[in-house]
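Read off the chains here:
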Amino acid sequence: MGETTALLSIDQISLNFGGIQALQDVSFDVAAGEILAIIGPNGAGKTSLINSINGFYRPQQGRILYEGYDISDVPPYQRARLGISRTFQNIALYTNATTLDNLLAARHIHMSSNLWSGALFLGPAKREEIAHRRSIEHIIDFLEMEPIRKSIVGNLSYGMRKRVELGRALALEPTLLLLDEPMAGMNAEEKEDMARFILAIHQLQQITILLIEHDMGLVMDVSQRIIVLNFGQKIAEGAPAAIQQNPAVIQAYLGRAD
Amino acid sequence: MSEAIRPAGVFDTRYEEDIALNRTRGEHATSLGSFLLLMCLPLISAAGPLGLNWFPLHWIGTINHIAILTIAVQGLNLLIGYCGQISFGQAAFMAVGGYTSALLGIHWGIPFWLALPLAAAFTGFIGILFGLPALRVKGFYLAMSTLAAQFILIWFIHFPLEGLTNGSRALTRIPPPTLGPTIREVQALPVVGPQNLQFVAQRGPITFSSAAEMYYIIVPLTVFLMLAARNIRRTRTGRAFISIRDNDLAAELLGINVFYYKLQAFFLCSVYAGIAGALMAYHQNSLSITSFMLDHSIIYLAMLVIGGAGFPLGPIFGVTIVQTLTIIIIPAIAPGIGAFLRWLLPFVQSANLSSALTLLLRGGILLAFLLFEPRGVAHRWEILKISWKLRPFSHE
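What counts and what doesn't
- Residues numbered from 1 in each chain as written.
- Chains lettered and ligands numbered in written order.
- Predicted model: local features only at pLDDT ≥ 70, side-chain atom pairs only at ≥ 80, totals over all residues.
- Heavy atoms only, no water.
- Helix = DSSP H or I, 4+ residues; strand = E, 2+ residues; numbered from the N terminus.
- Buried < 20%, exposed > 50% of the residue type's maximum accessible area, 1.4 Å probe, protein only.
- Contact = heavy atoms within 4.5 Å.
- Areas by Shrake-Rupley, 256 points an atom, 1.4 Å probe, with all protein chains shown as cover.
- Pairing = 2+ DSSP bridges.
- Axes fitted to C-alpha atoms, helices over the stretch in contact; angles between N-to-C directions.
- Domains from an automatic or database assignment.
- Buried area = accessible area lost by both parts, 1.4 Å probe.
- Salt bridge = Lys/Arg side-chain N within 4 Å of Asp/Glu carboxyl O.
- Polar contact = N/O pair within 3.5 Å; in protein donor to acceptor, adjacent residues only side chain to side chain.
- Nonpolar A, V, L, I, M, F, W, Y, C, P; charged D, E, K, R; others polar.
- Core = buried A, V, L, I, M, F, W, Y, C linked by side-chain atoms within 4.5 Å.
- Phe/Tyr/Trp six-rings, centres within 6.5 Å; stacked < 30°, edge-to-face > 60°.

Along the backbone of chain B there are 14 helices and 4 strands. Evaluated residue by residue, chain B yields a buried proportion of 47% over its 396 residues. Restricting the contact set of chain B to residue pairs at least 6 apart, pairs at least 24 apart contribute 74%. Accessible surface for chain B amounts to roughly 18,200 Å². Of this, 71% is attributable to carbon and sulfur atoms.

Next comes the structure, spelled out in structure tokens:
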């Protein structure tokens, strides 16, 4: 994990909302091609961290370097163009649209038709629709979503909606994928499916994955490296086996044995 | 949505077939046939060259009016139904389009064919200006700021521009659209008043002056604009609108410039309003500020709700239902209700009963829709199609 291969560098960021310190001097690197998990008790600042990487929150201090460039001042929609994609803790799909529309909407940055060419729907816009439909179908195939292709996503089951959201994040063709609790609220089977998809995405498409998850068994199995946050501070970083033995982590999760 | 429904027994083998609007020969024939039938209506009316009187002539004007309002409401549909924004100023934007096109024709002799796009573009620009608050405010607060557009624009047309627009008096002598080499005659206005500008009379080989003639401009343009809205919905811009409507935060984080697309929605909405206003001006040959007031803006919103916001067919349903109600049903039942009211409440003045009943019944219908079918007639239509999809076999 040398400095040169870091895809994303979080450099001493601090984020506060009024008096609440959400993140405090957090620094770490995400190497290109790894699966890094962020764990921590509720309110530790995990989602705030992802929102900062995304540009939805602006940390008051520190820098975020992506592929070596400081992206602290890049607006959120342009960070997506750099290759940062994500899913949300509470599903944030386009509820009244079909699965196809949800996925195609994420192709936005790769498409070029505008108001005028779209309104006429002649050659270029039509060809573009078909080309992107083809790439979407690969994702639908990969995530086994063929039966729900034309279903309104608001009518789908919770597990399926989580899967559509993963598909939408993939449709962006990301370099860095931020997954905010992709398995929350799922049953064991759905979790296994999701773990299978995450590992396949990582291995087949070489996408770097930053994962927030509460299911420790799964985190230990899937991730290559773990960062532990507690009250907005990084308290540990290392391989899964080392994290399990780390006294600071045990104390954060279980309390001190007096 | 209609994308989910396909004729039974039709299996697509290419994505091109899957995204086509008409999938079968039957659908192609129906679309073409309906369009041709629509184009034939004036020919088989009393205005036609065949001397037939199969179609009542006064309905041609009614269809023109419905078509014009459909354009305006489709504009609202793009803004509200697809992009999830709101506007209480559609009538004022129609006034901008109407007065711009009319003044271009009356005072500067610019032909209709150029005045129409100029008016549409100018109205679109004004729409962008009044869409700017959407950067910061949403929902109720955005509604209030568009309400400001309604009052500011109408005030501006009424008072500061009174010399051009005739203020509260009607603006008349709008030259009809012509085709072919046009003769222009500059005349001094016979009217004495604040208006000292010249008046340009136009005559050409083909002149669109009557309702039946304007029909051939209004109806094809309406069909084109409905198709354009449909196409916008199913391409990149439309999906950006839908994303903003359903989850603006996710849209922003997944690469959509939310503010830019909100402004595009306001632009589109106003362009449609501008075209509708310009057609109205040239259809009626006159314009009056009183047809662009707040109550009109609200009726257009009601039409959208009744028809179904977010459905391509919603505006057509909404305008047709409300206009049919206003023109046919209310005049038919008004005398009966009037007699009953005079008997029940002898002290009530019954002179303006018909217009009062129009408002009352429109309000009642809107309320009924909000309570029992808030997604509008178009939603019912989709359900009807789904129920037919099951015959004989359901596929996907």
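It is worth spelling out the sheet that holds strand β10 (residues 233-238) of chain A at this point. Residues and elements named next belong to chain A. Overall, mixed pairing links the 6 strands, which are arranged β6-β7-β8-β3-β9-β10 in an open sheet. Only two strands of the sheet have a single neighbouring strand rather than two, namely β6 (84-86) and β10. Adjacent strand axes in the sheet meet at a mean angle of 20° when their direction is disregarded. Across 3 bridges, β6 lies against strand β7 (residues 176-180) in parallel orientation. Note on β7: the bridge partner recorded for S85 is L177. Running over the sheet, helix α10 (residues 247-254) touches β3 (35-39), β9 (225-230) and β10 and is turned about 130° from β10.

Residues and elements named next belong to chain A. Partitioning chain A into structural domains gives domain 1 (1-83 + 174-258) and domain 2 (91-173). If you average the C-alpha positions of domain 1 and of domain 2, the two centres end up 27 Å apart. Contacts between domain 1 and domain 2 engage 22 residues on the former and 13 residues on the latter. Both faces considered, domain 1 and domain 2 share a buried interface measuring about 1,400 Å² in area, 69% of it formed by carbon and sulfur atoms. Per-residue buried area on domain 1 facing domain 2 is highest for R81, P174 and F197; these three make up 35% of the total on that side. Counting the contacts that link domain 1 with domain 2 gives 2 salt bridges. One salt bridge in this structure joins D193 and R163, with 3.4 Å as the shortest N-O distance. The tally of links from domain 1 across to domain 2 stands at 4 residue pairs in polar contact (both at pLDDT 80 or more). Put simply, the parts of the chain that give the side of domain 1 that touches domain 2 at least two residues each are α2 (76-82), β7 and α7 (188-205). Broken down by element, the side of domain 1 that touches domain 2 gets its largest block of residues, 9 residues, from α7. Broken down by class, the residue content of the side of domain 1 that touches domain 2 amounts to 13 nonpolar, 3 polar and 6 charged.

Our focus in this paragraph is the side chain of R225 of chain A. With respect to the helices and strands, the residue R225 of chain A is situated in strand β9. At a separation of 2.8 Å, a polar atom in the side chain of R225 of chain A contacts the side chain of E34 of chain A.

It is worth spelling out the nonpolar core at this point. Counting residues in hydrophobic clusters, the biggest one holds 138 residues, and the most contacted among them are L177 and I209 of chain A together with M94, L279 and F292 of chain B. The biggest single contributor to this core is helix α10 (residues 258-284) of chain B, with 17 residues. Counting contributing residues per domain, this core is built from domain 1 (1-83 + 174-258) and domain 2 (91-173) of chain A, each supplying no fewer than three. Those residues in contact with I209 of chain A that sit more than four places away from it in its chain are E34, I35, L36, L177, L179, I198, I201 and H202 of chain A. Counting residues in hydrophobic clusters, the runner-up holds 27 residues, among them A22, I53, L210 and I227 of chain A.

Okay, the packing of aromatic side chains next. In this description, a pair of aromatic rings is defined by centroid distance and the angle of the planes. Residue and element names in this part refer to chain B. Overall, the coordinates contain 16 aromatic pairs over all chains when judged by the stated rule. Taking the centre distance of 5.7 Å and the plane angle of 75° together, the rings of Y215 and Y216 count as edge-to-face. Residue classification places Y215 among the buried positions, given a relative accessible area of 0%. Aromatic side chains F340 and W343 sit 5.9 Å apart centroid to centroid with 35° between the ring planes, which places their arrangement in the tilted category. Of this pair, F340 and W343 both sit in helix α12 (residues 314-344), 3 residues apart, which is roughly one turn of that helix. Assessed through its relative accessible area of 45%, F340 is described here as partly exposed.

This next bit is on the sheet that holds strand β4 (residues 61-66) of chain A. Residue and element names in this part refer to chain A. Taken together, 4 strands build an open sheet; the order of strands is β2-β1-β4-β5 and the sheet is antiparallel. A strand with exactly one partner marks an edge of an open sheet, and here the two such strands are β2 (20-31) and β5 (69-70). When strand β1 (residues 6-17) meets β2, the two strands line up antiparallel, connected through 8 bridges. Residue L8 lies in a different strand from β2, and its bridge partner there is V30.

On to the interface of chain A and chain B. Taken residue by residue, the interface counts 43 residues in chain A and 39 residues in chain B. Both sides of the chain A and chain B interface together cover about 3,800 Å² of buried area, and 61% of this is carbon and sulfur. Area buried by chain A at its contact with chain B is led by H108, L115 and K150 of chain A, which between them contribute 20% of it. Scanning the region where chain A abuts chain B turns up 5 salt bridges. In this structure, R133 of chain A and D18 of chain B form a salt bridge, with 2.7 Å as the shortest nitrogen-oxygen distance. Mapped by element, the contributors of at least two residues to the side of chain A that touches chain B are α2, β6, α3 (99-105), α4 (115-120) and α5 (123-142) of chain A.

Enumeration according to the criterion identifies 23 salt bridges over all chains in this entry. Between E237 of chain A and K234 of chain A there is a salt bridge, and its shortest N-O distance comes to 2.6 Å. On the basis of relative accessibility, which here comes to 30%, the residue K234 of chain A falls in the partly exposed class. The salt bridge involving E16 of chain B is made with R14 of chain B; its shortest N-O contact spans 3.2 Å. With relative accessibility at 30%, the residue E16 of chain B sits in the partly exposed group. The structure contains a network of salt bridges with shared partners spanning R133, E137, R149 and K150 of chain A together with D18 of chain B.

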